[in-house]
Amino acid sequence: MKNVTILTLFVAGSLFFSSCSEEEKKQQDKDTKDNHSAHSNMDMGTSEPSDGSIYHINSRWKNRYGTTINIDSLKGKVQILAMVYTSCEYACPRILADMKRIQDGLPAQVLGQTNFTIVSIDPARDTPGKLKQFAEENDLNNEHWTLLHGNNGNILELAALLGFRYKRISETDFTHSNLITILNKKGEVIYQRKKLVEKPTETIKKVIEAASG
Amino acid sequence: MKTSCRLLFIVSLVSLWGVASAQPKGMAHIERGTYMPFYSSSGDSVTVEPFFMDKYPVTNADFLAFVKENPEWRKSNVKSIFAEEGYLKHWQGDLNLGPKAEKIRSSPVTNVSWFAARAYAKWKGKRLPTLDEWEYVASANQQKPLASRDKEFVQKILDWYSKPNPDTMPNVGQKKPNYHGVYDMHGLIWEWVQNFNTVFISGASRSDQGELKQFYCAAGSSAATDADKENYAAFLRYSLRGSLEADFSVGNLGFRLAKDIE
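Calculation rules
- Residues numbered from 1 in each chain as written.
- Chains lettered and ligands numbered in written order.
- Predicted model: local features only at pLDDT ≥ 70, side-chain atom pairs only at ≥ 80, totals over all residues.
- Heavy atoms only, no water.
- Helix = DSSP H or I, 4+ residues; strand = E, 2+ residues; numbered from the N terminus.
- Buried < 20%, exposed > 50% of the residue type's maximum accessible area, 1.4 Å probe, protein only.
- Contact = heavy atoms within 4.5 Å.
- Areas by Shrake-Rupley, 256 points an atom, 1.4 Å probe, with all protein chains shown as cover.
- Axes fitted to C-alpha atoms, helices over the stretch in contact; angles between N-to-C directions.
- Parallel < 35°, antiparallel > 145°, perpendicular 65-115°, else oblique.
- Nonpolar A, V, L, I, M, F, W, Y, C, P; charged D, E, K, R; others polar.
- Phe/Tyr/Trp six-rings, centres within 6.5 Å; stacked < 30°, edge-to-face > 60°.
- Pairing = 2+ DSSP bridges.
- Salt bridge = Lys/Arg side-chain N within 4 Å of Asp/Glu carboxyl O.
- Right-handed = clockwise from strand over helix to strand, strands pointing away.

Undergrad: Is there a simple way to think about the overall build of chain B in this case?
TA: Across its full length, chain B holds eight helices and seven strands. Looking at chain B as a whole, 51% of its 262 residues are labelled buried. In chain B, of all internal contacts separated by at least 6 residues, the share reaching a separation of at least 24 is 74%. Here chain B displays about 12900 Å² of accessible surface, and carbon together with sulfur accounts for 53% of that area.

Quick look at the structure:
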């Protein structure tokens, strides 16, 4: 009798675990499927990204309109990317100002091959709606500016890839690196501007090189 | 006969308990607890919610099973963006631990990047512990959950930090477990945590003082400048984390996993 009890418990236990892993598998399948559909929606005309491309992370984000996009939809253009939060009062406005200076410094035909991407590190407050409002306030047109909202795991992963460090220090503020990253069309990091004081001259030069390459 | 019946009864009770709490095999249940991070100058303590933590670091044999099923994480296939050149360099081949295979099967896997550790965790349906979770569990000695002010305990850790790495890593679980029933938090390897990149170090070096302000968006505390000098061992761990990049593969840096309690 007691043996039966134990057996039942074991079976119950294994069922419990298998249902857990079943659930995870479903989620994984779903993720894979979603990624695939995101792929098929994009006509990139490019093959598998190179080994050093950040687009291998294959993570999903929402843009300012609330549309879900895969990170690799940024492929095909030179990207000038920064991670910030919109309620930041000190460094982030300067980072944005520098990105605009870079934009102003690019010849028209280079600008046509370039996109500016802002990734929020504060997903709780920087909702797609908030990002849209921020873009309007700062004249960030949809043609050249992508603003991304993502979950904490995806933000952490992208930050890790770029060597960007950040930490929440209060209800409202973060401490973070002041990093502007240039990705070539394949998604390889080709340059990072790490200090606020640097003039954008070098960054502009790198963008122009990447656009012609 | 009576005894064996009683024993069976106890066994079934234990199984019942195991089912009820669904404690994953090989993991310790970590109770909710509060600790004082070493960088805290304001006296703010951090509360860690209950979670499961692996009793042992992930071993070479564990990781071999992972790369067998996930070819993209084999040495010869791994994308350079996810792991630098030294990835699994102590293995002889993709699925070959080399001449010391038997000796290192149960020793902790090292030379793995943060991305690889994270992929392994996902494969297991688990995750990496957060920095606070790891530090909280690591602040326990054998007798009590908070021992990071215990001189003897801290000295032991520092003694280990000052020793060179052995040629072959010892097996996991050779020493006594800590208060939580977790082994090898100190004395074997350094470990990746999920949010290692929340530690800042660039602003901390003396020649960098001018940049210190540049490095922060808002005025805040820096890990290193507000260092609690008493806990030099924790300071060393934070310094290491501050110097890491997610693709680094380091000879004495491994990991263990955590899991949420559902």
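So that's the structure; there's more coming.
Undergrad: Quick question: what am I supposed to make of the packing of helix H5 (residues 152–162) of chain A against helix H4 (residues 114–123) of chain B here?
TA: Two measures define how a pair of helices packs: the angle their axes make with one another and the distance between the axes. As a packed pair, H5 of chain A and H4 of chain B sit with axes 11 Å apart at the nearest point and diverge in direction by 155°. Taken as axis vectors, H5 of chain A and H4 of chain B run roughly antiparallel relative to one another. For the pair formed by H5 of chain A and H4 of chain B, the contact residues are Gly153, Leu156, Glu157, Ala160 and Leu161 of chain A on the first element and Trp114, Phe115 and Arg118 of chain B on the second. For the contact of H5 of chain A with H4 of chain B, the class distribution of residues is five nonpolar, one polar and two charged.

Undergrad: How should I be thinking about the packing of aromatic side chains in this particular structure?
TA: The geometry of two aromatic rings is summed up by the distance between their centres and the angle between their planes. Residues and elements named next belong to chain B. Counting across every chain of the model gives 21 aromatic pairs over all chains. Between tyrosine 120 and phenylalanine 255, the aromatic rings sit 5.5 Å apart at their centres with planes inclined by 75°, giving edge-to-face as the arrangement. With tyrosine 120 in helix H4 and phenylalanine 255 in the loop between strand S6 (253–254) and strand S7 (258–260), the pair connects residues that are 135 residues apart, well separated along the chain. With respect to class, tyrosine 120 is no different from phenylalanine 255; both count as buried. Feature note: the residues Phe63, Phe66, Trp91, Tyr120, Trp123 and Phe255 constitute an aromatic cluster, connected by ring pairs.

Undergrad: I'm lost on H4 of chain B in this one. Help?
TA: Residue pairs three or four apart in sequence face the same way in an α-helix, which turns once every 3.6 residues. For H4 of chain B, the tally of buried residues reaches seven of 10 residues, placing the bulk of the element in the interior. Listed as buried for H4 of chain B are Trp114, Phe115, Ala116, Ala117, Ala119, Tyr120 and Ala121 of chain B. Against the buried residues of H4 of chain B lie H5 of chain A together with helix H2 (60–69) of chain B. Backbone geometry just after H4 of chain B places glycine 125 of chain B at a positive phi near 70°.

Undergrad: Mind showing me how you'd approach unusual backbone geometry here?
TA: For residues that are not glycine, phi is negative in most cases, and the peptide bond is trans in most cases. Residues and elements named next belong to chain B. Positive phi outside glycine occurs at leucine 88, with the angle close to 55°. Counting through the fold element by element, leucine 88 comes out in the loop between H2 and helix H3 (101–104). Of note in the backbone geometry, asparagine 111 takes a positive phi value of approximately 55° without being a glycine. As for its placement among the helices and strands, asparagine 111 is situated in the loop between H3 and H4. Here asparagine 111 falls in the buried class, since its relative accessible area comes to 3%.

Undergrad: Would you take a moment to explain the sheet that holds strand S9 (residues 189–193) of chain A for this structure?
TA: The pairing of strands in a sheet happens through backbone hydrogen bonds and is either parallel or antiparallel. Residue and element names in this part refer to chain A. Spatially, five strands are ordered S5-S4-S3-S8-S9 in an open sheet, and the strand pairing comes out mixed. Edge positions in the open sheet fall to strand S5 (145–148) and S9, since each of these has one partner strand only. Here the strands of the sheet are splayed against their neighbours by 20° on average, with no regard to which way each runs. Alignment of strand S3 (residues 78–84) against strand S4 (residues 114–120), held across seven bridges, turns out to be parallel. The residue bridging valine 78 from the neighbouring strand is threonine 114, located in S4. Packing against the sheet, H5 makes contact with S3, S4, strand S8 (180–183) and S9, and its axis sits at approximately 120° to S3.

Undergrad: Would you take a moment to explain the pattern of salt bridges for this structure?
TA: Two side chains that carry opposite charge are able to pair once their charged atoms sit near each other. Residues and elements named next belong to chain A. Inspection of the entire model under this criterion finds 19 salt bridges over all chains. Linking lysine 205 and glutamate 202 is a salt bridge whose minimum nitrogen-to-oxygen distance equals 3.8 Å. Note that lysine 205 and glutamate 202 are positioned in helix H6 (residues 201–212) at a spacing of three residues, about one turn of the helix. For lysine 205, a relative accessible area of 46% gives the class partly exposed. One salt-bridge network, in which partners are shared between bridges, spans Asp98, Arg101 and Arg193.

Undergrad: Can you help me understand the pairing of S4 of chain A in this one?
TA: Strand residues, when the strand is regular, have side chains that alternate between the two faces of the sheet. All names here are of chain A. The buried count for S4 comes to seven of seven residues, which makes it a mostly enclosed element. The alternating pattern of S4 places Thr114, Phe116, Ile118 and Ser120 and Asn115, Thr117 and Val119 on opposite faces, both of which are buried. After leaving S4, the chain enters helix H4 (residues 128–137) and then returns to the sheet as S5, a path that is right-handed.

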